[in-house]
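# A closer look at the structure
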Protein chains: 2
Amino acid sequence: MKPNEGRRRVIIEDIQPQVDAGRYPAKRIVGDIVTVHAAIFADGHDHLAARILYKPAADKKWRTAPLTALPNDFWTGTFPVDKIGPWLFTLEAWVDNFDTWTHDLDKRLGAQEAGGQDIPLALRIGATHLDAAASRAKGADSKKLKLAADQLRALADSNLTVYESPITPELTALAAKYPDLAHATKYDAELPLWVDRERARFSAWYELFPRSCSPIEGRHGTFRDVEERLPEIAAMGCDILYMPPIHPIGVAYRKGKNNAVTAEPGDVGSPWAVGGKEGGHTAILPELGTLADFHDLVNSAQMNGLELALDIAFQCAPDHQWVTEHPDWFIIRPDGSIQYAENPPKKYQDIYPLNFESKDWRGLWDALLGVFQFWIDQGVRVFRVDNPHTKALPFWEWCIAEIVKKTPEIIFLAEAFTRPHVMYSLAKAGYTQGYTYFTWRNTAAELRAYFEELTTVPVIDFFRPNVWPNTPDILHEQLQTGGRAMFQLRAVLAATLSANWGIYGPAYELCEGRPAKPSPGKTASEEYLDSEKYQLRHWDRSNPISIAPLLKQLNRIRHENEALQRNERLVFHDCNNAQILAYSKSSADGANTILTIVNLDSFSEQTGFVDLRADALGLKWDSQFEVEDLLSGERYTWNGRRNYVALRPWEAVAHVFRISK
Amino acid sequence: MKPNEGRRRVIIEDIQPQVDAGRYPAKRIVGDIVTVHAAIFADGHDHLAARILYKPAADKKWRTAPLTALPNDFWTGTFPVDKIGPWLFTLEAWVDNFDTWTHDLDKRLGAQEAGGQDIPLALRIGATHLDAAASRAKGADSKKLKLAADQLRALADSNLTVYESPITPELTALAAKYPDLAHATKYDAELPLWVDRERARFSAWYELFPRSCSPIEGRHGTFRDVEERLPEIAAMGCDILYMPPIHPIGVAYRKGKNNAVTAEPGDVGSPWAVGGKEGGHTAILPELGTLADFHDLVNSAQMNGLELALDIAFQCAPDHQWVTEHPDWFIIRPDGSIQYAENPPKKYQDIYPLNFESKDWRGLWDALLGVFQFWIDQGVRVFRVDNPHTKALPFWEWCIAEIVKKTPEIIFLAEAFTRPHVMYSLAKAGYTQGYTYFTWRNTAAELRAYFEELTTVPVIDFFRPNVWPNTPDILHEQLQTGGRAMFQLRAVLAATLSANWGIYGPAYELCEGRPAKPSPGKTASEEYLDSEKYQLRHWDRSNPISIAPLLKQLNRIRHENEALQRNERLVFHDCNNAQILAYSKSSADGANTILTIVNLDSFSEQTGFVDLRADALGLKWDSQFEVEDLLSGERYTWNGRRNYVALRPWEAVAHVFRISK
């Protein structure tokens, strides 16, 4: 069957950015200039023109931006996204008769001496194109185009022996304003973008247990205690303060200290065993304070330049009200009991997972959405979601879409450490940021391969890494055995490789490295000894081992250097010593470039030659330039692309160089 | 808004094969086993099951084939395509409760000694899964499943101290026959395949000018003369005999010998200037014979195991009837004249291009389709299309679809030498095979990069290269200056790198290398001197310079070795001499492997060490194996992966080794 219009000769293919052929939105940040690439071509040799159509999704009217041709039928263009929320764009391309003709005329004029070019006839053809443009234009433009057409005809009548080009840049621009779109090709699909606020791209997170915040050892901390800590955390340069679940904790099957199966009297239990007689996911553990205290904390945080992130853990302690009110939201076993979390032979009887295959999945989905809405109503704008990969992916796609429809500024961080497809699928389903495998990427080759994957297409368009050297669950063997320098160097890596990073403190800055079970060995564990997950801890933040000054320095450097505020333009540079990792980031305009060089060995001095990819640094291969170490304040003059570095971990684990060109 | 069914937890992504997300069909050959890859995953740790649904497009009922899991959520499976024409496939995946439960039970049974595994309850859960399967099954299977459920319950009641697994492979297979598809995910799209007959994949073409086939020099050749040549061409191992346009040739502005602007009396003109007083695209040049003669030629070709390919050149000589009957199919200039082909300052006044932006595009499309249909009705099944890239791409997509709807065995070869996107777009639009850049890929690095592109995803799924060392338009400088060995080595490359190849003869086998203008130099030309495009030629095929024996040998080797009949599994092997190109191809089962080693220097001996990628050859890195040179008959014993080769072009331009393992 013939198409409705067979004269649409232009083909548009391979549009970037797009995620899974437009099934999911590509992500950008408000204020970004979106760069579009596509292949656009037609039969034959006619000249084409093309443009971007773009708009906030709810707008009726498309805005337009030009596309320009690159070699080999590739085209590129840009457009700005100036508000958060959903956007759409698509492309339109057409045969540009006037431009084709202009090119043809130039060739004829150039061949006049050889004769036989019939330039008057060519001029009359051009006049028909201008007539057509005039009929599409209005007012003064239309008159100008008509006049230009008449002038071409007059020139054709003049019977000169030698002609000069009658085409001015002004006329070309005027004709281009009124293209003939009758047979234009519009790309089949409108491609979605999701535009977030800046914090989605650039953030420093600090996690703490409010219950460990009391200045008095042994006393249960409160929201008021957390308020006292805010200035210190803000001074460290953090943006987001994230607290594990703040809800009542189940009593039945409560875990004791160091994950003991049975709690002792007075044991506080795991905050992730959500729900007790005082309430569930929308209640507050009385020991922490009241809802009013929580509001105060939200406000104080804001006054300190911090945002509060809540931890949403969709699972229930046996005491949770949903267990009695909605037993059908759980898996009921043949003996009538509710299935607890289990990975045989391990049992987690303090936790009931929700059943996403419940017949009442609609009711369950609404209740979970309600939890987010409740806390949004209390002023929360950032959520860290616990184990989202054990909840149905279609639920997340719906839930997040429902939330951001009303409140597009919400940020969701997915705490998923699972297989790559599932991690990426959560990001596609709407998660703003995701935890990563950074913790387990330790060698230079591992780090390079992983961050190259994270910072290039397709991943960079939908997955924003948030990089944590530790979490309450994960004390990597490197931190158990690497000493203080390992804490320092992993912090440098996290803060400079990724625009989003975080630490679980004060364990991190105090270099807490004691595992629940000694490592390495068969029973190696990434659990902390005396983990805060099961007990109160009292941290001596005045201990001189603290690397808080380094963390503060790193966050200051990040705030002062645009290059570190994005993940685009991360480039690795070779070093002849595999213990040294070198990489740079640059701002979009190239004015700010940070070159980081890290000694991955926390015990020994490592030296080597770094081979700079000069082009990525905006340098000529043989140029001389200044580098300033933003950590030590030292300055060096570097020459050409091959330079010597030496790093002694007891003095400095890394250089964070700003390059002066 | 919630989906209709929120319990479809499985995600299916990244399906291969697909071309542009299913916009175009992936191409296969009848009898192929289609291998499917996809990413399939869900939240959590439940076990999944998945299958392929596939069918000829016109069938109502889907056939099914299993998918099996690979690491990291990738899945693979295969299905056969047993008839030519359009096929569809899609994937379906679901949570496999019984398999998940079996795995869970195994872990419990393994942990019995530790106690507390509550195996009776686990058995009762398994019984509910079997009950459910029984309700989905019928007859004997249903009874068996019900019985198995009852047995699990009885076992649960038996109160043993130690349990053994009650699950047999038979029970697992039986349960898997009746999966719970209530919440299965079916992939959004049905992906198209186009299945061709074998000749689409594996063919050797021979092009000749019928008018040069007279045994008597100076006399215009006829279809009968071509018939005389058929046994010789068939003996050379060719499959397809392709003739330039056989239609009446225009008289107005006819070109003379060597492309002279004005023809002398008696000049025969270019066959591509289609149309004269005797008729147009459906008529036959009287000098060649009658339609009856043509039918005889089709039949004789068939009796010789050859297929006839016609050249379809959609352009008109000024004498073509369409010019007077349908002036609106051409571009009419302001002075009322019809626009001839022109690339200022060059003019091709003997050719009127068709205007695909004609208001009567529908009439034009129908007429062009009618040309194909006419020749199909005369028994033609293969078309070589001249310059398809100067006709609208949407036209081709429609035209080819219309033709193959009725006659799916038609083969279309696109004679396009243009930008990559346009060449590939013609293939996507339906062309079975396409000419390539092979002629201009001369160094080892160029050949390797190009054939790696052609023989891997995505290109291999839609573009089938047909590789020609020469055409009547293209006498590459290498052939002008490289001597007989260059004709030999380019033939070896073409015949062994690509499953489809062709030559324009007898110019090729007689090593005709004289250009219209001497090369190299500013005026370098790829045109032949005394080109057959403009005059009759008489070829002395008994000249001892002829490399016909080599061509015959190459085609025999191709017919005897399955490895050379496909483009999959082309692997390049490094050589420390850049003048030597080494590559292998293997059959799907690995039983047949051909290793070709070509000296790209037609004048000097070249020697080097070839580093074999042993894995690609099905060899161990240190194995000893026999190689037989199928050109020379010589045999060698090779050891390990590094072997010495020496090729003297005056003795042998290449080794074509069959490897005996």
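A brief structural summary. Just so it is clear, the model here is predicted, and its values are computed rather than measured. (Residues numbered from 1 in each chain as written. Chains lettered and ligands numbered in written order. Predicted model: local features only at pLDDT ≥ 70, side-chain atom pairs only at ≥ 80, totals over all residues. Heavy atoms only, no water.)

Next up on the list: the overall build of chain A. When helices and strands are counted, chain A shows 14 helices and 28 strands. The principal-axis extent of the C-alpha atoms belonging to chain A is close to 110 × 65 × 45 Å. Across chain A, contacts joining residues at least 24 apart in sequence account for 75% of those joining residues at least 6 apart. For chain A, the accessible surface area stands at approximately 26,500 Å², while carbon and sulfur atoms represent 52% of it. Side chains of chain A give 72 positive and 86 negative charges; the mean places of these two sets differ by 2 Å. (Helix = DSSP H or I, 4+ residues; strand = E, 2+ residues; numbered from the N terminus. Contact = heavy atoms within 4.5 Å. Areas by Shrake-Rupley, 256 points an atom, 1.4 Å probe, with all protein chains shown as cover. Lys, Arg positive; Asp, Glu negative; His and termini not counted. Charge placed at Lys NZ, Arg CZ, Asp CG, Glu CD.)

Right, let's talk about the sheet that holds strand β17 (residues 382–386) of chain A for a bit. Pairing between the strands of a sheet comes from backbone hydrogen bonds, and it takes one of two forms, parallel or antiparallel. Residues and elements named next belong to chain A. The sheet built from 7 strands is open, its strands ordered β19-β18-β17-β12-β11-β10-β20 with parallel pairing. Bordering the open sheet on either side are β19 (433–434) and β20 (500–504), each of which pairs with just one other strand. Note that β17 and strand β18 (residues 411–415) share 5 bridges and pair parallel. Looking at the pairing, D386 lines up with E415 of β18. (Pairing = 2+ DSSP bridges.)

Below, the discussion takes up the pairing of strand β9 (residues 191–196) of chain A. All names here are of chain A. Where burial is concerned, most of β9 is hidden: 6 out of the 6 residues are buried. The alternating pattern of β9 places L191, L193 and V195 and P192, W194 and D196 on opposite faces, both of which are buried. Both strand β2 (residues 26–29) and β9 contribute to a ladder of 4 bridges, which runs parallel. If you follow I29 over to β9, its bridge partner there is D196. In the sheet, strand β7 (residues 85–95) pairs with β9 via 5 bridges, with the strands oriented antiparallel. Considered in β9, the bridge of G85 is made with V195. (Buried < 20%, exposed > 50% of the residue type's maximum accessible area, 1.4 Å probe, protein only.)

Attention now moves to helix α9 (residues 393–406) of chain A. All names here are of chain A. Its 14 residues give α9 an end-to-end C-alpha distance of 21 Å, which sits within 8% of 20 Å, the value for a rise of 1.5 Å per residue. Counting buried residues along α9, 10 of its 14 residues qualify, which places the element largely inside the surrounding structure. If you check which residues of α9 are buried, you get L393, P394, F395, W396, W398, C399, I400, E402, I403 and V404. (Expected span 1.5 Å × (residues − 1).)

Attention shifts here to the sheet that holds strand β20 (residues 500–504) of chain B. Residue and element names in this part refer to chain B. With parallel pairing, the 7 strands of this open sheet are ordered in space as β19-β18-β17-β12-β11-β10-β20. Strand pairing shows two members of the sheet lacking a second neighbour, β19 (433–434) and β20, which therefore form its edges. Two elements, strand β18 (residues 411–415) and β19, share 2 bridges in a ladder whose sense is parallel. When the bridges of β19 are listed, L413 appears paired with Q433.

Moving on, we get to the interface of chain A and chain B. How big an interface is tends to be stated in terms of the accessible area lost upon association of its parts. Counting residues at the interface gives 70 residues for chain A, matched by 70 residues for chain B. Between chain A and chain B, a total of about 5,700 Å² is buried, with carbon and sulfur atoms accounting for 53% of that surface. In this assembly, chain A and chain B are joined by 10 salt bridges. B:E357 serves as the salt-bridge partner of A:R9, at 2.9 Å between the closest nitrogen and oxygen. Our count for the contact surface shared by chain A and chain B stands at 26 residue pairs in polar contact (both at pLDDT 80 or more). Contributions of two or more residues to the side of chain A that touches chain B are made by β1 (11–16), β3 (33–41), α1 (97–110), α2 (119–136), β14 (341–343), α8 (361–377), α9 and α10 (420–429) of chain A. Here the side of chain A that touches chain B is composed, by residue class, of 25 nonpolar, 16 polar and 29 charged. (Buried area = accessible area lost by both parts, 1.4 Å probe. Salt bridge = Lys/Arg side-chain N within 4 Å of Asp/Glu carboxyl O. Polar contact = N/O pair within 3.5 Å; in protein donor to acceptor, adjacent residues only side chain to side chain. Nonpolar A, V, L, I, M, F, W, Y, C, P; charged D, E, K, R; others polar.)

For the structure on display, the rule yields 0 disulfides over all chains. Residue A:C511 stays outside any disulfide, its sulfur separated by 15 Å from that of A:C238, the closest cysteine. (Disulfide = S-S within 2.5 Å.)

Once that is clear, we can look at the relation of the copies chain A and chain B. One chain copy maps onto the other through a rotation about an axis and a shift parallel to that axis. With an axial shift of 0.0 Å and an RMSD of 0.0 Å, the rotation relating chain A to chain B amounts to 180°. The transformation relating the two chain copies, once decomposed into turn and shift, fits a two-fold axis. Relative to the rotation axis, the closest C-alpha in chain A is found at A:A21, a distance of 3.4 Å. Most of the interface of chain A is mirrored in chain B, where 100% of its interface residues again form contacts. (Least-squares fit on C-alpha atoms with pLDDT ≥ 70 in both.)

With that out of the way, let us pick up the packing of helix α1 (residues 97–110) of chain B against helix α2 (residues 119–136) of chain B. Residue and element names in this part refer to chain B. Running from amino to carboxyl end, α1 crosses α2 at an angle of 165°, the nearest separation of the two axes being 10 Å. In this view, α1 runs roughly antiparallel relative to α2, as classed from their interaxial angle. Relative to α2, the crossing made by α1 is left-handed. Residue-level inspection shows N97, F98, W101, L105, R108 and L109 of α1 in contact with α2, the latter providing I119, A122, L123, I125, G126, H129 and L130. Broken down by class, the residue content of the contact of α1 with α2 amounts to 9 nonpolar, 3 polar and 1 charged. (Axes fitted to C-alpha atoms, helices over the stretch in contact; angles between N-to-C directions. Parallel < 35°, antiparallel > 145°, perpendicular 65-115°, else oblique. Left-handed = near helix turned anticlockwise from the far one by under 90°.)

Another point: the pattern of salt bridges. Inspection of every chain in the model, using the stated rule, returns 106 salt bridges over all chains. Note that A:E13 is salt-bridged to B:K428, the shortest N-O span being 3.2 Å. With A:E13 in strand β1 and B:K428 in helix α10 (residues 420–429), this residue pair bridges two chains. The pair A:E13 / B:K428 is uniform in exposure class, with both members buried. Each of the salt bridges in this network shares a partner with another, and the network as a whole consists of A:R9, A:D43, A:D46 and B:E357.

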